[in-house]
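Here's the letter readout for the chains.
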Amino acid sequence: MKKLSIILAILLVLGTSCEDFLAVNETNPNSASSVPANLLLPAALNATANIYNNPFNHLYVYVWHGAFSVFGNYVANTTLTQYNLLNSSYQGNWANTYLNLQNYDYIEKISGEPKEANFKAIAMIMKAYQFQNLVDNYGDVPYSEALKTADGILKPKYDKQQEIYEDLVLKLDEAMNLIANAPADASEVGDDDIMFAGDMDLWWKFANTLKLRLLVNQSGMTGRTQYITTAIATQPHSANDYLGAGESAMVNPGYVKSEDKMNPFWETFYKQDDSQQADGLTYFAANQDACDFLSENNDPRSFRFFAPNSSGVIRGNYYGVLPSLTSAQTSALGPGLIRSYDQDAIIMTDFESLFLQAEAVQRGLIAGNAAELYKAAVTQSVIYMGGLDGSVAGATKYLSQDAKPLVSFGTSDNKLKTILTQKWAAMIGISPTTLWTDYRRSGYPDFIHWSGDASKKNATPPVRLLYPQSEINVNNESVVAVGTINPFTSKIFWQNR
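The structure presented is a predicted model; accordingly, all values stated were derived computationally and were not measured.

A. The arrangement of helix 2 (residues 37-53) in detail. End to end, helix 2 covers 24 Å across 17 residues, agreeing with the expected 24 Å (1.5 Å per residue, within 8%). Summarising burial for helix 2: 14 of the 17 residues are buried, a large majority.

B. Expanded view of the packing of helix 2 against helix 6 (residues 117-138). At a closest axis distance of 12 Å, the pairing of helix 2 and helix 6 adopts a crossing angle of 20°. Relative to helix 6, the element helix 2 lies roughly parallel. Classified by chirality, the crossing of helix 6 by helix 2 is left-handed. Note on element contacts: helix 6 touches helix 2 through Phe119, Ile122, Met126, Tyr129, Gln130 and Asn133, opposite Ala37, Asn38, Leu41, Leu45, Thr48, Ile51 and Tyr52. Residue classes in the contact of helix 2 with helix 6 are distributed as nine nonpolar, four polar and no charged.

C. Seen up close, the packing of aromatic side chains. Applying the stated rule across the entire model yields 36 aromatic pairs. Summarising the aromatic geometry, the rings of Phe196 and Phe206 are spaced 6.1 Å apart at their centres and angled 65° between planes, so their arrangement reads as edge-to-face. Pair noted here: Phe196 is in the loop between helix 7 (161-180) and helix 8 (200-216) and Phe206 is in helix 8, with a separation of 10 residues, a long-range link. According to the relative accessible area criterion, Phe206 is buried, its value standing at 0%. Ring pairs connect the aromatic residues Phe56, Tyr62, Phe68, Tyr74, Phe265, Phe269, Tyr283 and Phe284, which therefore count as one cluster. Against the face of Tyr227 rests Arg224, its NZ or CZ located 4.0 Å from the ring centre. If you follow Arg440 out to its NZ or CZ, it ends over the ring of Trp436, 3.7 Å from the centre.

D. Representation of the pattern of salt bridges in the model. Counted by the stated rule, this structure contains 16 salt bridges. Across the pair Arg301 and Asp299 runs a salt bridge whose closest N-O atoms are separated by 2.7 Å. Residue Glu359 pairs with Arg441 through a salt bridge whose shortest N-O separation is 2.7 Å. Taken as a pair, Glu359 in helix 13 (residues 350-362) and Arg441 in helix 17 (residues 432-442) lie far apart in primary sequence, 82 residues in all. Take Arg441: its relative accessible area is 9%, and that puts it in the buried class.

E. Structural detail: helix 11 (residues 288-296). Among all positions of helix 11, only Gln288, Asp289, Ala290, Cys291, Phe293 and Leu294 are buried. Looking at the packing, one finds that the buried side of helix 11 touches strand 5 (284-286), helix 12 (302-305), helix 15 (392-399) and helix 16 (415-426).

F. Expanded view of unusual backbone geometry. Between Leu322 and the following residue, Pro323, the backbone shows a cis peptide bond with an omega angle of 0°. With respect to the helices and strands, the residue Pro323 is situated in the loop between helix 12 and strand 6 (345-348). Here the bond from Tyr444 into Pro445 is cis, since omega is 0°, no more than 30 degrees from zero. Its location among the elements puts Pro445 in the loop between helix 17 and helix 18 (469-474). Residues other than glycine seldom take positive phi values, yet Asp274 does so here, at roughly 75°. Counting through the fold element by element, Asp274 comes out in the loop between helix 10 (264-267) and strand 5. The class of Asp274 is partly exposed, set by a relative accessible area of 41%. Even without glycine at this site, Asp279 takes up a positive phi of about 60°.

G. Highlighting the nonpolar core. The biggest cluster of nonpolar side chains holds 151 residues, and the ones touching the most others in it are Phe68, Met195, Trp203, Phe206 and Phe306. With sequence-adjacent residues up to four places away left out, Trp203 is seen in contact with Leu45, Ile122, Ile125, Met126, Ile179, Asp193, Met195 and Phe196.

H. Geometry of the side chain of Thr434. Structurally, Thr434 can be placed in helix 17. Setting aside residues no more than four positions away along its own chain, Thr434 makes contact with Arg213, Glu352, Lys423 and Met427.

Reading guide: rules and limits
Residues numbered from 1 in each chain as written. Predicted model: local features only at pLDDT ≥ 70, side-chain atom pairs only at ≥ 80, totals over all residues. Heavy atoms only, no water. Helix = DSSP H or I, 4+ residues; strand = E, 2+ residues; numbered from the N terminus. Expected span 1.5 Å × (residues − 1). Buried < 20%, exposed > 50% of the residue type's maximum accessible area, 1.4 Å probe, protein only. Axes fitted to C-alpha atoms, helices over the stretch in contact; angles between N-to-C directions. Parallel < 35°, antiparallel > 145°, perpendicular 65-115°, else oblique. Left-handed = near helix turned anticlockwise from the far one by under 90°. Contact = heavy atoms within 4.5 Å. Nonpolar A, V, L, I, M, F, W, Y, C, P; charged D, E, K, R; others polar. Phe/Tyr/Trp six-rings, centres within 6.5 Å; stacked < 30°, edge-to-face > 60°. Lys NZ or Arg CZ within 6 Å of the ring centre and 35° of its normal. Salt bridge = Lys/Arg side-chain N within 4 Å of Asp/Glu carboxyl O. Core = buried A, V, L, I, M, F, W, Y, C linked by side-chain atoms within 4.5 Å.

Below, the structure written as C-alpha cells:
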C-alpha cells in the first residue's frame, strides 16, 4: 500500500492525466527534477504497464486480427470495421509513451555514477522497450532528438526506423554490460523495482530477450541474416541467457481494491465493489477465428480465454459481419484473462520469450532445440491461463495430438507456421503489439477473416498507425519530412512481404 501511494503521488506530480503536455515536443512544466531515481522507477514501470494492459489502447490489433470482437448489441466502431484510421486514432498511446520515455530518460541521466549502474541499465532497457513499440506501430519516429527539450529541441526530427532498431540493439548491449560490470558497491534496486524486485540477472535476461525480439523481427528481410547473427554473437548465448519458464516480466506496484489502483486490465471490466464497468464485459467479445482455432484443436485454454455461452460452448463474431450473434450466444472474455484486481500487469511473458527462442532456433539464428522450446512455450501459456487443465499434464495431452499440425510440432510440415500460429493464440489479450508484429512480418495465422464491413477502405487491415494529429499540430515540419504515409502500403521496415 505504501509503495502504491508513493507511485500515485509521483504520477500526479508528473501529470500523466494531462494530455496537453504529453507531446514529446513540449517542455514539461512539471519536470520532476528533484525526484530520486528509486522513487521515479516504480512510477515509470507502473505507467508502462498501464499503456499495454488497457485493452482499449490496442483494440485495433485484437479486432483486426481474429482475437476479440464486440457484442451484437453494440454498434461496432466504424473507424475500425472500415479500416478507416484517422490521425486522431490512438494518439493517446503516442503521448503517454513519450511521457513515459521522459521518465526513463530522466532516471538514466541522473544515474551517471558507477554506483547507479543498475538504475541506469534498467532505464536504458525500458527505453528500448518503448521505442521498439513506437517503431512497430509508426515506423519512423523522433528518437535521436527526442526527449531533449532541456537542450532547446522542441521539434525533433524523425529517425529512420531501421536505424532506430539498430541503435536499440547497441543500447541493450550497453545496458547488459552495465549490469555485468556493476561495481560491488552498486546501489541495490530492491523493492523499488516493481517488476523483478531488483534481480539484475532477470533484467539482463529481459534485455537480451528484447534484443532477440528486435533481431528476429528482421529475420524475414532479404540480406539481413549476417547482421542478425553478428549482433547475436556480441553476447555469449546459451539457453539460460533469455527469460525462461517462470521468469515473466510482470509489474505489480501493490494493486489494491480501490478506483484507479487496481490492475488496469481488470479495471476495464470491474469496479472496486466488483460491479461491472460500463462497456467492459458487455462490450468485449470473442472473435470466431479464435474460437474456431481453440475448439477445433481441443485447446485446454478455450474456456480460460473466453467464457462459455448459454449453450456451454465458446462462440464469437467475425468482426464487422452482420448480423451478429445475440448476447446469449456470444462468449465474453474469460477468467484466464480477467483474473483478479491484483493480477500482475504484463510486460513480457515467459511463453513469449520461449516462442521467440523457438523461432530463432528454427531459423538457424541461435543454437538450441526448437521442439523443446516450442513445447515449453505452449506449456507455460497453458499454465498461465489456468483452470482444471492448466498444468503440465494438460499441456502434454494437448501437444500430443499428432493429427493436429498446428499443435504437434513433430508432425507439422511447416514448423514456423506452427510456432507463430500457437504464439498468436497465446498472445490473445496478452501482448497486442507482438501479436500484430508477428502477423505483419510472417502472415501467420493464415486463417483470419478480415472485416466484413462492405464499406471498408481496403481488403486487409492497415499495417501501421498514422501520426497523431497532436504531433502534426506542433511538429508538422518534421512529420512532413517523413513523406506521404499510407496506412495500407507504408510498411514497417521489417515487413518483407
